[in-house]
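Examining the three-dimensional arrangement
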Amino acid sequence: MSGRTSVATRLQAMQPTDLGVPGPTSLDMARAFRSVRRDPLSFLVEVSQRYGDLVAFPVPGPPALLVNDPDDVRHVLQTAARNWGKKTVQYGALSRVTGQGLLASAEPGWIEHRRVAAPAFHHQRLEAVSDQVRAAADEAFSAGLGALSPGSGRVVDVASLTHRVGLDAVGRALFSADLSGHAQQLLDATSDAAELVVRLGRSILPTAEWAPTPTNVRLRLTRRRLDAITSDLIAERRAAGRPTAGSVHGDDLLGLLLDSGMADAEVRDELVTMVIAGHETVAGALTWTLMLLAEHPAAQDRLRSELSGLDRPVSLLDPRDRIPWTRAVIDEALRLYPPAWAISRRSLGPDVIGGVEVPAGTLAIISPWLVHRRAESWPDPASFRPERFLDPAAARSGYLPFGQGPRLCIGRDFAIGEMAVVLDRLLVDHRVGLPQGWSRPEAQAQVAVHPRGGMPLLVTRLAGTA
Ligand code: HEM
(Lines give C-alpha, C1' and ligand atoms only; values in the text may rest on other atoms or scores of the structure.)
Protein backbone atom coordinates (compact mmCIF):
# COMPACT_ATOMS: atom_id res chain seq x y z
CA MET A 1 0.00 0.00 0.00
CA SER A 2 1.42 3.40 -0.95
CA GLY A 3 2.35 5.92 1.72
CA ARG A 4 -0.11 8.33 0.11
CA THR A 5 -3.17 6.13 0.70
CA SER A 6 -5.60 8.03 2.90
CA VAL A 7 -6.54 6.88 6.37
CA ALA A 8 -10.20 6.71 5.28
CA THR A 9 -9.39 4.38 2.35
CA ARG A 10 -7.35 2.15 4.61
CA LEU A 11 -10.06 1.94 7.23
CA GLN A 12 -12.67 1.14 4.55
CA ALA A 13 -10.50 -1.68 3.28
CA MET A 14 -10.52 -3.32 6.69
CA GLN A 15 -12.98 -6.16 6.83
CA PRO A 16 -14.02 -8.07 9.93
CA THR A 17 -12.40 -11.47 10.05
CA ASP A 18 -14.13 -14.29 8.19
CA LEU A 19 -12.45 -16.87 10.43
CA GLY A 20 -15.32 -16.79 12.88
CA VAL A 21 -13.05 -15.41 15.59
CA PRO A 22 -14.62 -12.61 17.65
CA GLY A 23 -13.06 -9.18 17.76
CA PRO A 24 -13.62 -5.47 17.38
CA THR A 25 -15.02 -4.08 14.12
CA SER A 26 -13.20 -1.49 12.02
CA LEU A 27 -15.55 1.12 13.43
CA ASP A 28 -14.60 0.08 16.99
CA MET A 29 -10.95 0.36 15.99
CA ALA A 30 -11.45 3.77 14.41
CA ARG A 31 -13.18 4.97 17.60
CA ALA A 32 -10.43 3.53 19.79
CA PHE A 33 -7.63 4.81 17.56
CA ARG A 34 -6.35 7.53 19.89
CA SER A 35 -6.56 5.45 23.05
CA VAL A 36 -4.81 2.52 21.35
CA ARG A 37 -1.92 4.77 20.46
CA ARG A 38 -1.76 6.37 23.87
CA ASP A 39 -2.28 3.29 26.02
CA PRO A 40 -2.12 0.00 24.11
CA LEU A 41 -1.92 -2.05 27.32
CA SER A 42 -5.35 -0.94 28.54
CA PHE A 43 -6.75 -1.47 25.07
CA LEU A 44 -5.42 -5.05 24.95
CA VAL A 45 -6.79 -5.80 28.43
CA GLU A 46 -10.18 -4.46 27.35
CA VAL A 47 -10.42 -6.49 24.13
CA SER A 48 -9.28 -9.68 25.81
CA GLN A 49 -11.87 -9.18 28.56
CA ARG A 50 -14.56 -8.57 25.98
CA TYR A 51 -13.69 -11.19 23.34
CA GLY A 52 -11.74 -13.91 25.14
CA ASP A 53 -8.46 -15.72 24.55
CA LEU A 54 -8.42 -15.49 20.75
CA VAL A 55 -9.29 -12.11 19.27
CA ALA A 56 -9.28 -11.08 15.60
CA PHE A 57 -8.49 -7.50 14.62
CA PRO A 58 -10.03 -6.09 11.44
CA VAL A 59 -7.06 -5.55 9.14
CA PRO A 60 -6.76 -5.77 5.38
CA GLY A 61 -5.08 -8.92 4.08
CA PRO A 62 -4.23 -11.94 6.23
CA PRO A 63 -5.75 -12.09 9.72
CA ALA A 64 -4.24 -10.46 12.80
CA LEU A 65 -4.93 -12.38 16.00
CA LEU A 66 -4.35 -11.68 19.65
CA VAL A 67 -3.38 -15.03 21.17
CA ASN A 68 -3.75 -15.41 24.95
CA ASP A 69 -4.29 -19.05 25.75
CA PRO A 70 -1.01 -20.50 27.11
CA ASP A 71 -1.33 -23.63 24.91
CA ASP A 72 -1.84 -21.54 21.79
CA VAL A 73 1.04 -19.29 22.83
CA ARG A 74 3.30 -22.31 23.21
CA HIS A 75 2.17 -23.55 19.81
CA VAL A 76 3.21 -20.32 18.06
CA LEU A 77 6.44 -19.66 19.94
CA GLN A 78 7.65 -23.18 20.53
CA THR A 79 5.94 -26.22 19.04
CA ALA A 80 5.32 -24.72 15.60
CA ALA A 81 8.03 -22.06 15.85
CA ARG A 82 9.45 -22.98 12.44
CA ASN A 83 6.22 -21.82 10.85
CA TRP A 84 6.14 -18.49 12.67
CA GLY A 85 8.73 -15.88 11.66
CA LYS A 86 9.53 -12.33 12.70
CA LYS A 87 8.41 -10.47 9.56
CA THR A 88 6.06 -8.24 11.51
CA VAL A 89 5.58 -4.48 11.82
CA GLN A 90 7.02 -4.64 15.37
CA TYR A 91 10.30 -6.24 14.34
CA GLY A 92 10.40 -4.35 11.02
CA ALA A 93 10.33 -1.09 12.99
CA LEU A 94 12.93 -2.35 15.45
CA SER A 95 15.25 -3.47 12.69
CA ARG A 96 15.38 0.13 11.46
CA VAL A 97 17.54 0.68 14.55
CA THR A 98 19.01 -2.72 15.34
CA GLY A 99 19.51 -3.84 11.72
CA GLN A 100 20.12 -7.57 11.49
CA GLY A 101 20.94 -7.91 15.19
CA LEU A 102 19.67 -11.04 16.97
CA LEU A 103 16.39 -9.66 18.23
CA ALA A 104 14.87 -8.69 14.89
CA SER A 105 16.78 -10.95 12.51
CA ALA A 106 15.34 -13.94 10.69
CA GLU A 107 16.69 -17.31 9.69
CA PRO A 108 19.16 -18.22 8.26
CA GLY A 109 21.40 -15.42 9.61
CA TRP A 110 19.90 -15.57 13.10
CA ILE A 111 21.01 -19.07 14.09
CA GLU A 112 24.64 -18.42 13.16
CA HIS A 113 24.74 -15.15 15.12
CA ARG A 114 23.05 -16.78 18.11
CA ARG A 115 25.67 -19.53 18.10
CA VAL A 116 28.47 -16.94 18.08
CA ALA A 117 26.94 -14.83 20.89
CA ALA A 118 25.82 -17.66 23.18
CA PRO A 119 29.13 -18.28 25.03
CA ALA A 120 29.05 -14.67 26.30
CA PHE A 121 25.98 -15.68 28.32
CA HIS A 122 27.20 -19.07 29.50
CA HIS A 123 27.24 -19.60 33.24
CA GLN A 124 31.01 -19.63 33.54
CA ARG A 125 31.22 -16.25 31.86
CA LEU A 126 28.38 -14.80 33.94
CA GLU A 127 30.11 -15.81 37.15
CA ALA A 128 33.21 -13.98 35.94
CA VAL A 129 31.38 -10.69 35.33
CA SER A 130 29.48 -10.53 38.63
CA ASP A 131 32.04 -8.07 40.02
CA GLN A 132 31.51 -5.76 37.06
CA VAL A 133 27.75 -5.72 37.58
CA ARG A 134 28.23 -5.05 41.29
CA ALA A 135 30.55 -2.16 40.45
CA ALA A 136 28.03 -0.76 37.96
CA ALA A 137 25.32 -0.82 40.65
CA ASP A 138 27.55 0.74 43.32
CA GLU A 139 28.67 3.56 41.06
CA ALA A 140 25.18 4.39 39.84
CA PHE A 141 23.80 4.41 43.39
CA SER A 142 26.57 6.51 44.83
CA ALA A 143 26.22 9.02 41.95
CA GLY A 144 22.42 9.01 42.10
CA LEU A 145 21.89 8.98 45.86
CA GLY A 146 24.85 11.10 46.91
CA ALA A 147 26.13 10.87 50.46
CA LEU A 148 23.06 9.95 52.51
CA SER A 149 23.80 9.88 56.22
CA PRO A 150 22.33 6.95 58.17
CA GLY A 151 18.65 7.51 58.83
CA SER A 152 18.27 10.18 56.14
CA GLY A 153 16.50 9.79 52.85
CA ARG A 154 15.63 11.54 49.61
CA VAL A 155 13.14 11.15 46.82
CA VAL A 156 14.86 9.95 43.66
CA ASP A 157 13.66 8.83 40.27
CA VAL A 158 14.65 5.17 40.47
CA ALA A 159 13.80 4.74 36.78
CA SER A 160 16.72 6.92 35.79
CA LEU A 161 18.99 5.19 38.33
CA THR A 162 18.17 1.74 36.99
CA HIS A 163 18.73 2.90 33.41
CA ARG A 164 22.26 3.95 34.36
CA VAL A 165 22.94 0.64 36.07
CA GLY A 166 21.50 -1.31 33.14
CA LEU A 167 23.59 0.47 30.56
CA ASP A 168 26.76 0.36 32.59
CA ALA A 169 26.30 -3.36 33.33
CA VAL A 170 25.91 -4.18 29.62
CA GLY A 171 28.99 -2.11 28.77
CA ARG A 172 31.19 -3.67 31.42
CA ALA A 173 29.96 -7.25 31.23
CA LEU A 174 29.49 -7.70 27.50
CA PHE A 175 31.91 -5.23 25.90
CA SER A 176 34.45 -4.87 28.77
CA ALA A 177 34.01 -1.17 28.15
CA ASP A 178 33.47 1.75 30.41
CA LEU A 179 30.52 3.44 28.74
CA SER A 180 30.36 6.23 31.30
CA GLY A 181 31.93 8.71 28.87
CA HIS A 182 29.16 7.91 26.40
CA ALA A 183 26.43 7.18 28.97
CA GLN A 184 24.28 10.26 28.48
CA GLN A 185 24.59 10.09 24.68
CA LEU A 186 23.71 6.39 24.68
CA LEU A 187 20.80 6.82 27.05
CA ASP A 188 19.45 9.71 24.97
CA ALA A 189 19.96 7.90 21.68
CA THR A 190 18.40 4.64 22.87
CA SER A 191 15.45 6.41 24.39
CA ASP A 192 14.94 8.42 21.14
CA ALA A 193 15.29 5.20 19.15
CA ALA A 194 12.76 3.44 21.37
CA GLU A 195 10.25 6.25 20.97
CA LEU A 196 10.67 6.35 17.18
CA VAL A 197 10.43 2.57 16.84
CA VAL A 198 7.19 2.62 18.81
CA ARG A 199 5.87 5.46 16.68
CA LEU A 200 6.66 3.56 13.48
CA GLY A 201 5.18 0.35 14.89
CA ARG A 202 1.90 2.07 15.66
CA SER A 203 1.69 4.15 12.53
CA ILE A 204 -1.43 3.31 10.54
CA LEU A 205 0.22 4.19 7.25
CA PRO A 206 3.47 2.47 6.37
CA THR A 207 5.99 4.88 4.92
CA ALA A 208 8.91 4.01 2.69
CA GLU A 209 12.19 4.08 4.58
CA TRP A 210 13.66 6.60 2.14
CA ALA A 211 10.78 9.08 2.49
CA PRO A 212 11.98 12.28 4.18
CA THR A 213 9.30 12.19 6.90
CA PRO A 214 10.25 13.73 10.28
CA THR A 215 10.24 10.25 11.90
CA ASN A 216 12.49 8.80 9.20
CA VAL A 217 14.91 11.70 9.40
CA ARG A 218 15.12 11.49 13.22
CA LEU A 219 15.50 7.74 13.03
CA ARG A 220 18.41 8.02 10.61
CA LEU A 221 20.14 10.59 12.82
CA THR A 222 19.57 8.47 15.94
CA ARG A 223 20.92 5.37 14.25
CA ARG A 224 23.95 7.41 13.16
CA ARG A 225 24.57 8.46 16.79
CA LEU A 226 24.40 4.86 17.98
CA ASP A 227 26.61 3.70 15.11
CA ALA A 228 29.24 6.31 15.93
CA ILE A 229 29.55 5.10 19.54
CA THR A 230 29.55 1.41 18.68
CA SER A 231 32.01 1.97 15.80
CA ASP A 232 34.40 3.56 18.30
CA LEU A 233 34.10 0.52 20.56
CA ILE A 234 34.86 -1.81 17.65
CA ALA A 235 37.80 0.26 16.41
CA GLU A 236 39.29 0.50 19.91
CA ARG A 237 39.04 -3.25 20.41
CA ARG A 238 40.46 -4.04 16.99
CA ALA A 239 43.41 -1.76 17.72
CA ALA A 240 44.04 -2.98 21.26
CA GLY A 241 43.03 -6.61 20.96
CA ARG A 242 42.43 -8.41 24.23
CA PRO A 243 43.78 -11.86 23.55
CA THR A 244 42.78 -14.59 25.95
CA ALA A 245 43.27 -18.34 25.72
CA GLY A 246 41.68 -19.42 22.45
CA SER A 247 40.63 -15.95 21.32
CA VAL A 248 42.17 -12.99 19.53
CA HIS A 249 39.83 -10.24 20.64
CA GLY A 250 38.72 -11.51 24.06
CA ASP A 251 36.06 -13.77 25.49
CA ASP A 252 33.40 -11.15 26.13
CA LEU A 253 30.59 -10.64 23.63
CA LEU A 254 32.48 -8.04 21.61
CA GLY A 255 35.53 -10.32 21.36
CA LEU A 256 33.40 -13.29 20.28
CA LEU A 257 31.71 -11.26 17.55
CA LEU A 258 35.01 -9.94 16.20
CA ASP A 259 36.70 -13.34 16.37
CA SER A 260 33.84 -14.86 14.37
CA GLY A 261 34.84 -12.85 11.30
CA MET A 262 31.59 -10.89 11.11
CA ALA A 263 31.76 -7.63 9.17
CA ASP A 264 31.91 -4.48 11.27
CA ALA A 265 28.36 -3.56 10.21
CA GLU A 266 27.06 -6.88 11.57
CA VAL A 267 28.98 -6.44 14.83
CA ARG A 268 27.52 -2.93 15.13
CA ASP A 269 23.99 -4.32 14.71
CA GLU A 270 24.60 -6.82 17.51
CA LEU A 271 26.06 -4.20 19.85
CA VAL A 272 23.16 -1.81 19.28
CA THR A 273 20.75 -4.72 19.82
CA MET A 274 22.36 -5.68 23.12
CA VAL A 275 22.47 -2.09 24.33
CA ILE A 276 18.75 -1.65 23.63
CA ALA A 277 17.50 -5.15 24.54
CA GLY A 278 19.83 -5.47 27.50
CA HIS A 279 19.32 -2.23 29.36
CA GLU A 280 15.80 -0.97 28.62
CA THR A 281 14.28 -4.25 29.79
CA VAL A 282 16.33 -4.74 32.95
CA ALA A 283 15.89 -1.08 33.91
CA GLY A 284 12.12 -1.35 33.50
CA ALA A 285 11.98 -4.61 35.46
CA LEU A 286 14.05 -3.24 38.34
CA THR A 287 12.05 -0.04 38.47
CA TRP A 288 8.73 -1.89 38.88
CA THR A 289 10.30 -4.33 41.35
CA LEU A 290 11.42 -1.44 43.55
CA MET A 291 7.97 0.11 43.34
CA LEU A 292 6.29 -3.15 44.36
CA LEU A 293 8.72 -3.51 47.28
CA ALA A 294 8.02 0.07 48.35
CA GLU A 295 4.30 -0.73 48.28
CA HIS A 296 4.82 -3.98 50.23
CA PRO A 297 7.16 -3.24 53.16
CA ALA A 298 6.82 -6.75 54.65
CA ALA A 299 8.01 -8.33 51.39
CA GLN A 300 10.88 -5.83 51.35
CA ASP A 301 11.89 -6.63 54.95
CA ARG A 302 11.88 -10.32 54.17
CA LEU A 303 14.10 -9.74 51.14
CA ARG A 304 16.50 -7.59 53.16
CA SER A 305 16.77 -10.15 55.90
CA GLU A 306 17.45 -12.91 53.34
CA LEU A 307 20.18 -10.86 51.63
CA SER A 308 21.77 -9.56 54.85
CA GLY A 309 22.11 -13.11 56.14
CA LEU A 310 24.31 -14.26 53.24
CA ASP A 311 27.97 -15.03 53.87
CA ARG A 312 29.06 -13.45 50.55
CA PRO A 313 27.49 -10.96 48.15
CA VAL A 314 24.96 -12.13 45.58
CA SER A 315 26.45 -13.15 42.24
CA LEU A 316 24.86 -13.33 38.80
CA LEU A 317 24.51 -17.07 39.11
CA ASP A 318 23.26 -17.59 42.61
CA PRO A 319 20.94 -20.57 42.53
CA ARG A 320 17.31 -20.11 43.43
CA ASP A 321 17.68 -22.02 46.70
CA ARG A 322 20.31 -19.60 47.99
CA ILE A 323 18.01 -16.57 47.65
CA PRO A 324 14.50 -18.07 47.31
CA TRP A 325 12.53 -15.01 48.41
CA THR A 326 14.58 -12.60 46.28
CA ARG A 327 14.05 -14.85 43.26
CA ALA A 328 10.34 -15.12 44.00
CA VAL A 329 10.07 -11.33 44.21
CA ILE A 330 11.85 -10.99 40.84
CA ASP A 331 9.63 -13.64 39.23
CA GLU A 332 6.47 -12.04 40.55
CA ALA A 333 7.53 -8.53 39.50
CA LEU A 334 8.25 -9.87 36.00
CA ARG A 335 4.81 -11.48 35.98
CA LEU A 336 3.01 -8.26 36.84
CA TYR A 337 5.25 -5.94 34.84
CA PRO A 338 6.79 -7.96 32.00
CA PRO A 339 9.01 -5.39 30.23
CA ALA A 340 8.54 -7.11 26.85
CA TRP A 341 4.80 -6.53 26.72
CA ALA A 342 4.25 -7.72 23.14
CA ILE A 343 5.80 -10.44 21.01
CA SER A 344 4.70 -10.85 17.41
CA ARG A 345 5.04 -13.53 14.75
CA ARG A 346 3.82 -14.04 11.17
CA SER A 347 2.95 -17.49 9.85
CA LEU A 348 4.94 -18.73 6.88
CA GLY A 349 2.31 -21.31 5.93
CA PRO A 350 -1.22 -22.25 7.00
CA ASP A 351 -1.69 -23.44 10.56
CA VAL A 352 -4.33 -24.09 13.21
CA ILE A 353 -4.51 -21.95 16.35
CA GLY A 354 -7.06 -22.65 19.04
CA GLY A 355 -8.92 -24.91 16.63
CA VAL A 356 -9.11 -22.18 13.97
CA GLU A 357 -7.49 -22.67 10.56
CA VAL A 358 -5.41 -19.65 9.64
CA PRO A 359 -3.72 -18.89 6.31
CA ALA A 360 -0.07 -18.09 5.60
CA GLY A 361 0.75 -14.51 6.54
CA THR A 362 -1.37 -14.53 9.72
CA LEU A 363 -0.10 -12.15 12.37
CA ALA A 364 -0.06 -13.49 15.94
CA ILE A 365 0.29 -10.94 18.73
CA ILE A 366 1.20 -12.41 22.10
CA SER A 367 1.23 -10.15 25.11
CA PRO A 368 2.92 -11.46 28.27
CA TRP A 369 1.14 -8.57 30.00
CA LEU A 370 -2.19 -10.27 29.26
CA VAL A 371 -1.11 -13.91 29.52
CA HIS A 372 0.34 -13.18 32.99
CA ARG A 373 -2.98 -11.76 34.13
CA ARG A 374 -5.26 -14.67 33.20
CA ALA A 375 -7.27 -15.65 36.25
CA GLU A 376 -7.33 -19.25 34.95
CA SER A 377 -3.55 -19.51 35.38
CA TRP A 378 -2.95 -17.08 38.26
CA PRO A 379 -5.30 -16.93 41.25
CA ASP A 380 -5.84 -13.31 42.29
CA PRO A 381 -3.81 -12.21 39.26
CA ALA A 382 -3.61 -8.49 40.03
CA SER A 383 -2.04 -8.98 43.48
CA PHE A 384 1.69 -8.97 44.21
CA ARG A 385 2.19 -12.36 45.85
CA PRO A 386 5.80 -13.56 45.48
CA GLU A 387 5.00 -16.69 47.51
CA ARG A 388 3.29 -18.14 44.45
CA PHE A 389 6.78 -18.69 43.02
CA LEU A 390 8.27 -20.28 46.14
CA ASP A 391 7.19 -23.75 45.19
CA PRO A 392 9.45 -24.72 42.29
CA ALA A 393 6.99 -27.43 41.36
CA ALA A 394 4.20 -24.87 40.89
CA ALA A 395 2.96 -24.91 37.31
CA ARG A 396 4.56 -22.14 35.28
CA SER A 397 2.30 -22.55 32.30
CA GLY A 398 1.52 -19.14 30.92
CA TYR A 399 4.66 -17.46 32.29
CA LEU A 400 6.83 -15.97 29.60
CA PRO A 401 8.58 -12.73 30.56
CA PHE A 402 11.55 -13.87 28.45
CA GLY A 403 9.56 -15.42 25.62
CA GLN A 404 9.50 -19.12 24.82
CA GLY A 405 10.97 -21.58 22.35
CA PRO A 406 14.00 -21.07 20.11
CA ARG A 407 13.86 -17.26 20.30
CA LEU A 408 13.91 -17.29 24.10
CA CYS A 409 15.81 -14.28 25.47
CA ILE A 410 19.54 -14.94 25.26
CA GLY A 411 20.06 -12.58 28.22
CA ARG A 412 17.59 -14.26 30.62
CA ASP A 413 20.07 -15.55 33.20
CA PHE A 414 22.15 -12.39 32.93
CA ALA A 415 19.03 -10.26 33.50
CA ILE A 416 17.74 -12.23 36.49
CA GLY A 417 21.24 -12.31 38.01
CA GLU A 418 21.68 -8.59 37.43
CA MET A 419 18.37 -7.86 39.13
CA ALA A 420 19.36 -9.93 42.17
CA VAL A 421 22.76 -8.23 42.38
CA VAL A 422 21.24 -4.75 42.11
CA LEU A 423 18.60 -5.48 44.78
CA ASP A 424 21.38 -6.76 47.01
CA ARG A 425 23.56 -3.68 46.51
CA LEU A 426 20.72 -1.26 47.19
CA LEU A 427 18.43 -2.85 49.74
CA VAL A 428 20.79 -4.26 52.34
CA ASP A 429 21.65 -0.70 53.40
CA HIS A 430 18.62 1.24 52.15
CA ARG A 431 14.86 1.14 52.31
CA VAL A 432 12.61 2.18 49.45
CA GLY A 433 9.31 3.76 50.39
CA LEU A 434 6.49 5.73 48.86
CA PRO A 435 6.87 9.50 48.84
CA GLN A 436 4.11 11.74 50.19
CA GLY A 437 1.17 12.11 47.86
CA TRP A 438 2.17 8.93 46.05
CA SER A 439 0.11 7.63 43.18
CA ARG A 440 1.23 4.68 41.10
CA PRO A 441 2.61 5.87 37.74
CA GLU A 442 0.81 4.64 34.65
CA ALA A 443 2.54 1.80 32.81
CA GLN A 444 3.61 3.09 29.42
CA ALA A 445 4.20 0.58 26.65
CA GLN A 446 7.38 1.66 24.93
CA VAL A 447 9.92 -0.85 23.58
CA ALA A 448 9.70 -2.03 27.22
CA VAL A 449 7.06 -1.09 29.79
CA HIS A 450 8.13 2.02 31.70
CA PRO A 451 6.40 4.26 34.22
CA ARG A 452 5.06 7.36 32.55
CA GLY A 453 6.89 10.35 34.03
CA GLY A 454 9.45 8.24 35.95
CA MET A 455 9.30 6.50 39.32
CA PRO A 456 9.97 8.81 42.26
CA LEU A 457 10.56 6.74 45.40
CA LEU A 458 11.84 7.68 48.84
CA VAL A 459 15.22 6.01 49.36
CA THR A 460 16.39 6.06 52.99
CA ARG A 461 19.76 4.95 54.27
CA LEU A 462 19.18 2.57 57.15
CA ALA A 463 20.37 3.65 60.58
CA GLY A 464 23.34 1.63 61.75
CA THR A 465 24.85 1.12 58.26
CA ALA A 466 28.45 2.08 57.69
C1 HEM B 1 14.24 -8.37 32.38
C2 HEM B 1 14.98 -8.30 31.32
C3 HEM B 1 14.63 -8.87 29.98
C4 HEM B 1 13.42 -9.23 29.46
C5 HEM B 1 12.06 -9.15 30.14
C6 HEM B 1 13.65 -9.71 28.12
C7 HEM B 1 12.65 -10.20 27.29
C8 HEM B 1 12.89 -10.79 26.06
C9 HEM B 1 11.91 -11.47 25.26
C10 HEM B 1 10.43 -11.63 25.61
C11 HEM B 1 12.53 -11.93 24.16
C12 HEM B 1 11.89 -12.76 23.05
C13 HEM B 1 11.34 -11.90 21.94
C14 HEM B 1 10.62 -12.74 20.90
O15 HEM B 1 10.42 -13.93 21.06
O16 HEM B 1 10.24 -12.17 19.88
C17 HEM B 1 13.91 -11.52 24.23
C18 HEM B 1 14.85 -11.76 23.26
C19 HEM B 1 16.13 -11.26 23.32
N20 HEM B 1 16.73 -10.60 24.38
FE21 HEM B 1 15.88 -10.23 26.15
N22 HEM B 1 14.98 -9.60 27.86
C23 HEM B 1 15.62 -9.11 28.95
C24 HEM B 1 16.96 -8.89 29.11
C25 HEM B 1 17.89 -9.04 28.12
C26 HEM B 1 19.30 -8.81 28.27
C27 HEM B 1 20.00 -8.41 29.56
C28 HEM B 1 19.86 -8.99 27.03
C29 HEM B 1 21.30 -8.87 26.60
C30 HEM B 1 22.22 -8.26 27.24
C31 HEM B 1 18.80 -9.37 26.13
C32 HEM B 1 18.95 -9.63 24.80
C33 HEM B 1 18.00 -10.27 24.02
C34 HEM B 1 18.25 -10.71 22.66
C35 HEM B 1 19.53 -10.51 21.88
C36 HEM B 1 17.08 -11.34 22.23
C37 HEM B 1 16.85 -12.02 20.89
C38 HEM B 1 17.22 -13.48 21.03
C39 HEM B 1 17.02 -14.28 19.76
O40 HEM B 1 16.04 -14.10 19.05
O41 HEM B 1 17.88 -15.13 19.51
N42 HEM B 1 17.62 -9.40 26.82
N43 HEM B 1 14.10 -10.84 25.41
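Residues numbered from 1 in each chain as written. Predicted model: local features only at pLDDT ≥ 70, side-chain atom pairs only at ≥ 80, totals over all residues.

For the rest of this paragraph, the subject is the site of the ligand. Within the structure, the ligand sits among 24 residues, and Gly278, Thr281, Gly403, Cys409 and Gly411 are positioned closest to it. Looking at the shell around the ligand, the elements that each hand over two or more residues are α9 (158–175), α13 (264–295) and α17 (412–427). A total of seven residues in the shell around the ligand trace back to one element, the largest contributor, which is α13. (Near = placed C-beta within 6 Å. Helix = DSSP H or I, 4+ residues; strand = E, 2+ residues; numbered from the N terminus.)

Strands sit in the order β1-β2-β8-β5-β3 across an open sheet of five strands; the sheet is mixed. Among the strands making up the open sheet, the edge pair consists of β1 (54–57) and β3 (84–85). The pairing of β3 with strand β5 (residues 343–347) spans two bridges and is classified as antiparallel. Paired with Gly85 across the bridge in β5 is Arg346. Of the strands in this sheet, β1, β2 (64–67), β3, β5 and β8 (363–366) touch helix α4 (residues 70–79), which is tilted by about 120° from β8. (Pairing = 2+ DSSP bridges. Contact = placed C-beta atoms within 7 Å. Axes fitted to C-alpha atoms, helices over the stretch in contact; angles between N-to-C directions.)

Turning next to the UniProt feature "binding site: heme" (unreviewed entry) in the protein chain. Summarizing the sequence annotation, UniProt attributes the feature "binding site: heme" (unreviewed entry) to Cys409 in the numbering used throughout. Tracing the backbone through its elements, the reader meets Cys409 in the loop between α16 (368–371) and α17. Judged by local crowding, Cys409 falls into the buried class, with 20 C-beta atoms found within 10 Å. (UniProt positions renumbered as here; feature names shortened; annotations may be inferred. Buried ≥ 20, exposed ≤ 12 C-beta atoms within 10 Å, placed from the backbone.)

Where α9 contacts α13, the axes come no closer than 8 Å and their chain directions differ by 140°. Of the possible angle classes, the one that applies to α9 and α13 is oblique. Judged by the twist between their axes, the crossing of α9 over α13 is right-handed. Counted together, Val158, Ala159, Thr162, His163, Gly166, Leu167, Val170, Leu174 and Phe175 of α9 and Leu271, Met274, Val275, Gly278, His279, Val282, Ala283, Leu286, Thr287 and Leu290 of α13 form the full contact between these two elements. The residue makeup of the contact of α9 with α13, split by class, is 13 nonpolar, six polar and no charged. (Parallel < 35°, antiparallel > 145°, perpendicular 65-115°, else oblique. Left-handed = near helix turned anticlockwise from the far one by under 90°. Nonpolar A, V, L, I, M, F, W, Y, C, P; charged D, E, K, R; others polar.)

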